[in-house]
2 protein chains.
Amino acid sequence: MTPDAEPIRRRKLSDEVRERLLAQINEGDLRPGDPLPSERELMARYGVGRPAIREAMQQLASLGLIVVRHGDRPRLAAPRLDLLAEQLALTMRHVLTHDDTILAQLKEARIVIETGTARLAAQMRTSADLEHLRDLLARQLLARHDPAEFMRRDGDFHAALAGISGNVVLSSVVRAVFDWMARFHSRAVHSSGLERLTLDEHEAIVAAVAAGDPERAARAMQDHLTRANALYRQASVADN
Amino acid sequence: MTPDAEPIRRRKLSDEVRERLLAQINEGDLRPGDPLPSERELMARYGVGRPAIREAMQQLASLGLIVVRHGDRPRLAAPRLDLLAEQLALTMRHVLTHDDTILAQLKEARIVIETGTARLAAQMRTSADLEHLRDLLARQLLARHDPAEFMRRDGDFHAALAGISGNVVLSSVVRAVFDWMARFHSRAVHSSGLERLTLDEHEAIVAAVAAGDPERAARAMQDHLTRANALYRQASVADN
DNA sequence: CCGCTTCTACTGGTATGACGAGTTGTGGCG
DNA sequence: CGCCACAACTCGTCATACCAGTAGAAGCGG
């Protein structure tokens, strides 16, 4: 049907090298920490110059697949979710800056995810978890006159709630999304005496979690985030 | 308290350059497509060699922030969620390969997200959406003897369900997570005549969505994914 | 014989210069 | 006025050289 619209664009050498290295990494069963061939050896093996090798290596390193240190050979990196999130942050900032529609959708997605984590938390919470949440709440209360600190505690609360599920993926996602949005609304989030409202809503969530009522917890979270989103929308300036 | 445990590691030149470029990109209000200074100009401006500039550029390019073409100057890239997901796939593959605990947590996270999208779909679906879902269901039924095609249709169904919310972020996430897991279980997912069961469960989800019953839709999705996860666990071989 | 220090060989990091190849805009020719 | 060829950019790649950091081997002292 479609007459093969594939654009015959010239592939960069480093792309080819990266692909081969990637295949070798995935096929060969290496464990994190295992060494890879040195740049010189690779340029001899593939018959390309050092720049091509270096660029490929650099890309793999920035993806978090390998780690290159100065005097040592490249090594397979240990997988780390937190580095992944950090790397994503740069890209998300770019996306959020230049595409207005994404921010609104990200807020909606956050509601979906965090109402889910609230449900899980209400089902799985232990007494230790509740104590931890109340402790975080108390700390946030103490920080109510320090906007930056207050916001940090706010993020801790949401991440901790997600963490009750014991699911690192979920808590990482919650944390990452919070950070992205905070970076865009650090001033808007807690302007002029809304700290009290935020704390009340957090307390309502904790109460529902303590009661072991998933639906009530989900609703409390939804109200909290919906209210917050409305405020975001109102003060629509991206700072920094 | 802690005696400043900051490790005074030598920063690479390209890191410094990358940081400055990043700042300049974020501060200066450029729009996608706008040109950045050429490599030669930058090496003159920062007083470093071309390799340092190139490595920094390369990293920004692999993050999707800028785009470098052969005869043209670097330009600010248009933000694209799909490229972001593709880039994530490489990293996630690495994480999933070398950390057994993440896969299980990813499955749980998927349940949280997709029960949420099912709820949304039940609330927001139009008659056109329902028609689309039923069409996808029919196509998947036709492909029940072609495992690869069947799995592709399966992903289409889940993504379409998430897409009913009109939220590109959610549908992208759903699609991405599905792809990651499919890559790890392409053989396990649809082994030996479970296509019929999958289709039945999909139909149950569609029925609940059609009825406009969010809780029933969420429960149907949860049952579907829980059942599927049990199968994943059973056939625990990562292929390829 | 063991432990510490030193030294050396190998590694990545950076600079320079050169050339090839692709893109873009300009100027001249028809 | 429109088309085309050329020129002036750009990135892509190579080769070479040297600096700097790491790690393991060799040597020393106990």
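Since this is a predicted model, take the numbers as computed values, not measurements.

On to the protein's contact with DNA strand D, then. Taken together, 23 residues lie around DNA strand D, and Leu13(A), Arg69(A), Arg40(B), Arg50(B) and His70(B) are the ones closest in. By atom count, sugar and phosphate contribute 63% of the portion of DNA strand D lying within 4 Å of the protein. Between Gly71(A) and DNA strand D, the recorded distance is 3.3 Å, taken from a backbone N or O atom to a base nitrogen. Counting only elements with at least two residues in the surface near DNA strand D, the list comes to helix H3 (50-62) of chain A together with helix H2 (39-46) and helix H3 (50-62) of chain B.

Take the interface of chain A and chain B next. A common measure of how large an interface is: the accessible area buried when the components associate. Contact residues are listed per partner, giving 49 residues for chain A and 49 residues for chain B. Carbon and sulfur atoms supply 64% of the area buried between chain A and chain B, which totals about 4,100 Å² over both sides. Counting every contact that joins chain A to chain B gives 2 salt bridges. Close ionic contact of Arg54(B) with Glu55(A) constitutes a salt bridge, the shortest N to O distance being 2.6 Å. Summed over the shared surface of chain A and chain B, the result is 17 residue pairs in polar contact (both at pLDDT 80 or more). For the side of chain A that touches chain B, the secondary-structure elements that each account for two or more residues are helix H1 (13-27), H3, helix H4 (81-98), helix H5 (100-124) and helix H8 (168-189) of chain A. Along the lines of polarity and charge, the residues of the side of chain A that touches chain B split into 24 nonpolar, 15 polar and 10 charged.

In a regular helix each residue adds 1.5 Å, so 17 residues correspond to 24 Å; helix H7 (residues 147-163) of chain B covers 24 Å between its end C-alpha atoms and thus fits that length. Among the residues of H7(B), Glu149(B), Phe150(B), Met151(B), Asp154(B), Gly155(B), Phe157(B), His158(B), Ala159(B), Ala160(B), Leu161(B) and Ala162(B) are the ones counted as buried.

Moving on: the side chain of Ser14(A). Within the secondary structure layout, Ser14(A) lies in helix H1. Excluding residues that lie within four positions of it along the chain, Ser14(A) makes contacts with Ala52(A), Glu55(A), Ala56(A) and Gln59(A).

Attention shifts here to the environment of Pro35(A). Residue and element names in this part refer to chain A. One can find Pro 35 in the loop between H1 and helix H2 (39-46). Using a relative accessible area of 41% as the deciding quantity, one classes Pro 35 as partly exposed. Sequence separation between Pro 35 and Thr 126 is 91 residues, and the spatial gap between their C-alpha atoms is 43 Å. The contacts of Pro 35, once residues within four sequence positions are left out, are Arg 73, Pro 74 and Arg 75.

Our focus in this paragraph is the relation of the copies chain A and chain B. The operation relating the two chain copies consists of a rotation about an axis and a shift along that axis. Mapping chain A onto chain B is achieved by rotating through 180 degrees and translating by 0.0 Å along the same axis, at an RMSD of 0.1 Å. Here the transformation between the copies is reduced to the relation of a two-fold axis. Within chain A, Ile113(A) has its C-alpha nearest the rotation axis, a separation of 2.9 Å. Both copies contact each other with a shared surface, as 100% of the interface residues of chain A are interface residues in chain B too.

Let's shift gears to the confidence of the model for chain A. Residue and element names in this part refer to chain A. Considering every residue of chain A, the mean pLDDT works out to 88; 87% of them sit at 70 or more. Counting contacts from residues 1-7, a segment whose pLDDT is below 50, to residues more than four positions away or on other chains yields 0 contacts. The low-confidence segment residues 235-240, where pLDDT is below 50, has 12 contacts with residues more than four positions distant or belonging to other chains.

Of all residues adjacent to DNA strand C, which total 23 residues, the nearest are Arg40(A), Arg50(A), His70(A), Leu13(B) and Gly49(B). In DNA strand C, the atoms that sit within 4 Å of the protein are 60% sugar and phosphate, with bases accounting for the remainder. Between DNA strand C and His70(A) there is a distance of 2.5 Å, counted from a sugar or linking oxygen to a backbone nitrogen or oxygen. Side-chain polar atom of Arg50(B) to a base nitrogen of DNA strand C: 3.3 Å apart, as the coordinates give it. Counting residues per element, the ones that place at least two in the surface near DNA strand C are H2 and H3 of chain A together with H3 of chain B. If you tally residues by element for the surface near DNA strand C, the top one is H3(B), at 3 residues. Classifying every residue of the surface near DNA strand C gives 5 nonpolar, 6 polar and 12 charged.

Here we take up the packing of H2(A) against H3(A). Residues and elements named next belong to chain A. Contact geometry for H2 and H3: axes closest at 9 Å, N-to-C directions at 115 degrees. Handedness of the H2/H3 crossing: right-handed. When H2 is examined against H3, the residues Glu 39, Arg 40, Leu 42, Met 43 and Tyr 46 are found in contact with a partner set consisting of Arg 50, Ile 53, Arg 54 and Met 57. For the contact of H2 with H3, the per-class residue count stands at 5 nonpolar, no polar and 4 charged.

Before going further, it helps to examine the packing of H4(A) against H5(A). All names here are of chain A. Axis separation between H4 and H5 bottoms out at 5 Å; the angle between their running directions is 115 degrees. Classified by the interaxial angle, the pair formed by H4 and H5 is roughly perpendicular. Across from Met 92, Val 95, Leu 96 and His 98 in H4, the residues of H5 making contact are Asp 100, Ile 102, Leu 103 and Leu 106. Grouping the constituent residues of the contact of H4 with H5 by class yields 6 nonpolar, 1 polar and 1 charged.

Here the focus is the nonpolar core. What tends to happen in soluble globular proteins is that the nonpolar side chains get buried as a cluster. Counting residues in hydrophobic clusters, the biggest one holds 46 residues, and the most contacted among them are Leu96(A), Leu106(A), Trp180(A), Leu96(B), Leu106(B) and Trp180(B). Of all the secondary-structure elements, those providing two or more residues to this core are H4, H5 and H8 of chain A together with helix H4 (81-98), helix H5 (100-124) and helix H8 (168-189) of chain B. When neighbours within four sequence positions are excluded, Leu106(A) is seen to be in contact with Met92(A), Leu96(A), Val177(A), Trp180(A), Met181(A) and Val169(B).

The next thing to look at is the pattern of salt bridges. Enumeration according to the criterion identifies 46 salt bridges over all chains in this entry. Glu41(A) is paired through a salt bridge with Arg45(A); the nearest N and O atoms lie 3.1 Å apart. Remark: Arg45(A) and Glu41(A) occur in helix H2; sequence separation between them is 4 residues, near one turn of the helix. Accessibility expressed as a relative area gives 37% for Glu41(A), which makes it partly exposed. According to the relative accessible area criterion, Arg45(A) is partly exposed, its value standing at 43%. If you follow the salt bridges from partner to partner, you end up with Lys12(A), Glu55(A), Glu39(B), Arg50(B) and Arg54(B) in one network.

Parameters at a glance
Residues numbered from 1 in each chain as written. Chains lettered and ligands numbered in written order. Predicted model: local features only at pLDDT ≥ 70, side-chain atom pairs only at ≥ 80, totals over all residues. Heavy atoms only, no water. Near = heavy atom within 4 Å. Polar contact = N/O pair within 3.5 Å; in protein donor to acceptor, adjacent residues only side chain to side chain. Helix = DSSP H or I, 4+ residues; strand = E, 2+ residues; numbered from the N terminus. Contact = heavy atoms within 4.5 Å. Buried area = accessible area lost by both parts, 1.4 Å probe. Salt bridge = Lys/Arg side-chain N within 4 Å of Asp/Glu carboxyl O. Nonpolar A, V, L, I, M, F, W, Y, C, P; charged D, E, K, R; others polar. Expected span 1.5 Å × (residues − 1). Buried < 20%, exposed > 50% of the residue type's maximum accessible area, 1.4 Å probe, protein only. Least-squares fit on C-alpha atoms with pLDDT ≥ 70 in both. pLDDT = per-residue confidence, 0-100. Axes fitted to C-alpha atoms, helices over the stretch in contact; angles between N-to-C directions. Left-handed = near helix turned anticlockwise from the far one by under 90°. Parallel < 35°, antiparallel > 145°, perpendicular 65-115°, else oblique. Core = buried A, V, L, I, M, F, W, Y, C linked by side-chain atoms within 4.5 Å.

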